[in-house]
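Chain by chain, the residues run as shown.
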Amino acid sequence: MNILYIGSGFVGACSAAVSAASGHNVLVYDVDKKKIDMLSSGDRDTIESCLFEKGLGDLLVRNQGRIDFTTDYSKVEGFLDVCDGVFMCLPTPEIGETGESNLTYYFDAAEKIGSVLARRNSGMQEKYVVIVNKSTVPIDMVDKTQEIMDRAGVKNYGVVSNPEFLVEGKAIEGSLSPDRVVVGAWHEKDFEIMRRMYQRFYDSPTVQYIEVNPKEAAAGKLLANYTLFNKLAITFDVIGRTCEAFDNISYEQIRKVLSSDPRIGSWGLYDSLYAGGSCFIKDARSLSHQLQTAGYGAVLVNETYVANKRQLETFIGRAEKEADFEWEGKTVALVGTAFKRDTNDIRNSPSIDICYYLQERLVKNIYIYDPAAMDNFKLVFPENEQYHYFNHEFDAVKDADVIIIATDWPQFRGLGDSIITELKHKPLIMDGRRMLQHRYIDLQKAGFDIIAIGSPFLKGKK
Ligand SMILES: NC(=O)c1ccc[n+]([C@@H]2O[C@H](COP(=O)([O-])OP(=O)(O)OC[C@H]3O[C@@H](n4cnc5c(N)ncnc54)[C@H](O)[C@@H]3O)[C@@H](O)[C@H]2O)c1
């Protein structure tokens with residue numbers, strides 16, 4: 001089939017690559033020329049330095065003959081004569097702190113594609129096409145998309161909601177063998193087209209292929225993300241806090257007790273300084289906004305959002321409160337800037353708020369290391385006399401007064417040994433991901449004070 005993707009971010013690029021690998025002819029359009037040049041470079045490293053997703057480079061290079069990237073709309077126009085589906089993969093960020101989704105990227109792209117769809121097949125519009133919402137959108141988005149297409153004079157089309165459930169860092173692996181594919185449509189004809197597009201998943205015994213209506217699909221996505229976000233908030237604000245409040249309760253032991261109950265499960269039982277990323281926060285805010293606009297309360301949804309914020313504030317505030325640490329004039333090592341491991345995405349990364357906090361506290365130097373996300377971080381905090389970037393985690397920490405571990409890159413677990421053997425000046429350790437938990441006792445014995453998420457203050461032996 002012939003499929004057009006509009007937007008080549010994490011969602012657009014990864015699902016386009018998987019579509020090409022499923023045998024479809026794919027065209028990807030984006031307004032960002034640099035991104036399009038990198039994704040179409042044919043070079044695995046260039047592709048993955050643009051979107052750090054394991055396997056993306058390989059998949060794009062192997063399917064080069066079936067996928068094309070462009071910023072040239074005349075190519076899009078030509079493609080529409082034969083196009084079976086237009087996948088809308090546009091950003092839907094929150095407007096300020098209102099909860100409302102900023103749909104301008106979506107509307108701009110939809111109006112533009114609508115005007116050319118109305119001219120396809122020399123204006124005869126013979127080719128039936130589905131417009132597929134892959135972005136995470138408000139529940140009534142199907143109506144809005146339909147209005148835009150009708151206003152533009154588009155005929156012979158259907159609107160489908162096909163929310164994306166990929167997990168950044170595992171997007172390719174997850175999209176090649178998803179747990180589920182959710183397709184929301186009003187008409188059988190649209191379901192049929194989607195089944196053909198997703199034949200490999202429709203036929204798969206391991207994939208739950210779920211057909212619902214477009215509003216159920218959009219609501220299902222928002223509610224799934226909220227449910228996961230809520231579980232993280234419980235881990236942070238209830239389970240982790242309990243382990244911080246009482247001596248001799250190890251977070252890891254409590255986790256074993258809890259996850260042994262299949263009703264609780266193990267997902268989300270990792271304590272952390274914050275749940276960042278581009279989705280959980282904005283989708284919870286959007287759900288809350290939609291519930292309130294519909295005249296209902298959203299107390300628990302709002303409290304989940306607040307609990308996540310409180311987690312980061314509580315963690316960073318512990319340095320002054322528990323260790324009498326004064327930030328002014330100090331050198332801080334910030335280990336990890338990606339919002340989580342295996343990605344170069346820094347959207348809503350806790351490291352961003354930590355840097356603003358450190359600036360306010362007048363720290364002298366911020367020494368930074370991340371294996372994948374430093375280039376993106378430098379766009380927000382350029383290298384200058386306060387911000388310094390390093391090529392190895394140990395170089396960033398070795399002269400610091402305090403070490404903050406903010407991302408769960410597995411290699412950071414190895415820092416424990418070198419800290420114990422090399423750092424004679426005993427910096428304060430703030431472990432926001434429990435990456436050094438296997439060495440807390442040794443670190444304490446060696447004289448290091450530790451503030452760890454999910455533990456009470458661990459005083460070093462002096
Ligand atoms: N990132 C995730 O993990 C994830 C997972 C599931 C769902 N989603 C949802 O998918 C949507 C896209 O997310 P993303 O992470 O891929 O975003 P992104 O910011 O990585 O990518 C969006 C792309 O759209 C492009 N764009 C903006 N305006 C455009 C226009 N008018 N025409 C063409 N291209 C345009 C941007 O240049 C960018 O490359 C969002 O609604 C998000 O909530 C994201």
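Parameters at a glance
- Residues numbered from 1 in each chain as written.
- Predicted model: local features only at pLDDT ≥ 70, side-chain atom pairs only at ≥ 80, totals over all residues.
- Near = placed C-beta within 6 Å.
- Helix = DSSP H or I, 4+ residues; strand = E, 2+ residues; numbered from the N terminus.
- Nonpolar A, V, L, I, M, F, W, Y, C, P; charged D, E, K, R; others polar.
- Buried ≥ 20, exposed ≤ 12 C-beta atoms within 10 Å, placed from the backbone.
- Pairing = 2+ DSSP bridges.
- Right-handed = clockwise from strand over helix to strand, strands pointing away.
- Domains from an automatic or database assignment.
- Contact = placed C-beta atoms within 7 Å.
- Axes fitted to C-alpha atoms, helices over the stretch in contact; angles between N-to-C directions.
- Left-handed = near helix turned anticlockwise from the far one by under 90°.
- Expected span 1.5 Å × (residues − 1).
- Arc of directions from axis to C-beta.
- Core = buried A, V, L, I, M, F, W, Y, C linked by C-beta atoms within 7 Å.

1. Regarding the site of the ligand
Taken together, 26 residues form the shell around the ligand, and within it Gly 7, Gly 9, Val 11, Ser 135 and Thr 136 come nearest. At the level of secondary structure, the elements contributing two or more residues to the shell around the ligand comprise helix H1 (10–21) and helix H6 (104–117). Counted by class, the shell around the ligand contains twelve nonpolar, eight polar and six charged residues.

2. As for the pairing of strand S6 (residues 157–161)
The buried fraction of S6 amounts to five of the five residues, a majority that puts the element mostly inside the structure. Note: strand S5 (residues 129–133) against S6, five bridges, orientation parallel. Opposite Ile 131, over in S6, you have Val 159 as the bridge partner. After leaving S5, the chain enters helix H7 (residues 141–152) and then returns to the sheet as S6, a path that is right-handed.

3. Looking at the domain arrangement of the protein chain
Domain annotation for the protein chain reports domain 1 (2–212) and domain 2 (213–462). Taking only C-alpha atoms, the centre of domain 1 and the centre of domain 2 are 33 Å apart. Contacts between domain 1 and domain 2 engage 28 residues on the former and 26 residues on the latter. The set of elements that each furnish at least two residues to the side of domain 1 that touches domain 2 consists of H7, S6 and strand S7 (180–184). By residue class, the composition of the side of domain 1 that touches domain 2 is 15 nonpolar, eight polar and five charged.

4. Notes on the packing of H6 against H7
Where H6 contacts H7, the two axes come as close as 8 Å, and the packing angle between them is 35°. Of the two elements, H6 crosses H7, and the hand of that crossing is right-handed. For the pair formed by H6 and H7, the contact residues are Phe 107, Ala 110, Glu 111, Gly 114, Ser 115 and Leu 117 on the first element and Thr 145, Ile 148, Met 149 and Ala 152 on the second. Split by residue class, the contact of H6 with H7 holds six nonpolar, three polar and one charged.

5. What to know about helix H13 (residues 280–293)
Structurally, the α-helix is built with 3.6 residues per turn, so residues lying three or four positions apart point the same way. Between its first and last C-alpha atoms H13 spans 20 Å; for 14 residues at 1.5 Å apiece the expected length is 20 Å, and the two agree. Taken across its 14 residues, H13 has ten buried, putting it largely inside the fold. The complete set of buried residues in H13 reads Phe 280, Ile 281, Lys 282, Asp 283, Ala 284, Arg 285, Ser 286, Leu 287, Ser 288 and Gln 290. Close packing links the buried residues of H13 with helix H11 (214–245) and helix H14 (299–323).

6. Regarding the sheet that holds strand S13 (residues 428–431)
Taking strand neighbours across the sheet as the criterion, the six strands line up as S11-S10-S9-S12-S13-S14 in an open arrangement whose pairing is parallel. Strands at the two margins of the open sheet, each flanked by one partner only, are strand S11 (387–389) and strand S14 (450–452). Within the sheet, the average angular offset between the axes of one strand and its neighbour, ignoring direction, is 15°. In this sheet, S13 lies alongside strand S12 (residues 402–405) in parallel orientation, the contact comprising four bridges. What sits directly across from Ile 405, in S13, is Asp 431. The strands touched by H14 are S12, S13 and S14; relative to S14, the strand with the most contacts, the crossing angle is about 140°.

7. Side note on helix H18 (residues 415–422)
Three or more residues of H18 are buried, namely Leu 415, Gly 416 and Ile 419. All buried residues of H18 fall inside an arc of 100° around its axis, so they share one side. Residues of H18 that are exposed and angled more than 90 degrees away from the buried face: Thr 421 and Glu 422. Looking at the packing, one finds that the buried side of H18 touches helix H17 (393–397) and helix H19 (440–445).

8. What about the nonpolar core?
Soluble globular proteins tend to pack their nonpolar side chains together in the buried interior. By size, the foremost hydrophobic cluster in this structure holds 135 residues, and its most contacted members are Leu 4, Ile 6, Ala 17, Met 88, Val 335 and Ile 404. Val 335 has contacts with Tyr 369, Glu 393, Ala 396, Val 397, Ile 403, Ile 404, Ile 405, Ala 406 and Phe 412, leaving out every residue within four places of it along the chain.

9. Description of the pairing of S12
Side chains of S12 alternate between two faces, with Val 402 and Ile 404 and Ile 403 and Ile 405 buried alike. Note that strand S9 (residues 331–335) and S12 share four bridges and pair parallel. Looking across to S12, one finds that Val 332 is bridged to Val 402. With H18 bridging S12 and its parallel neighbour S13, the resulting β-α-β unit is right-handed.

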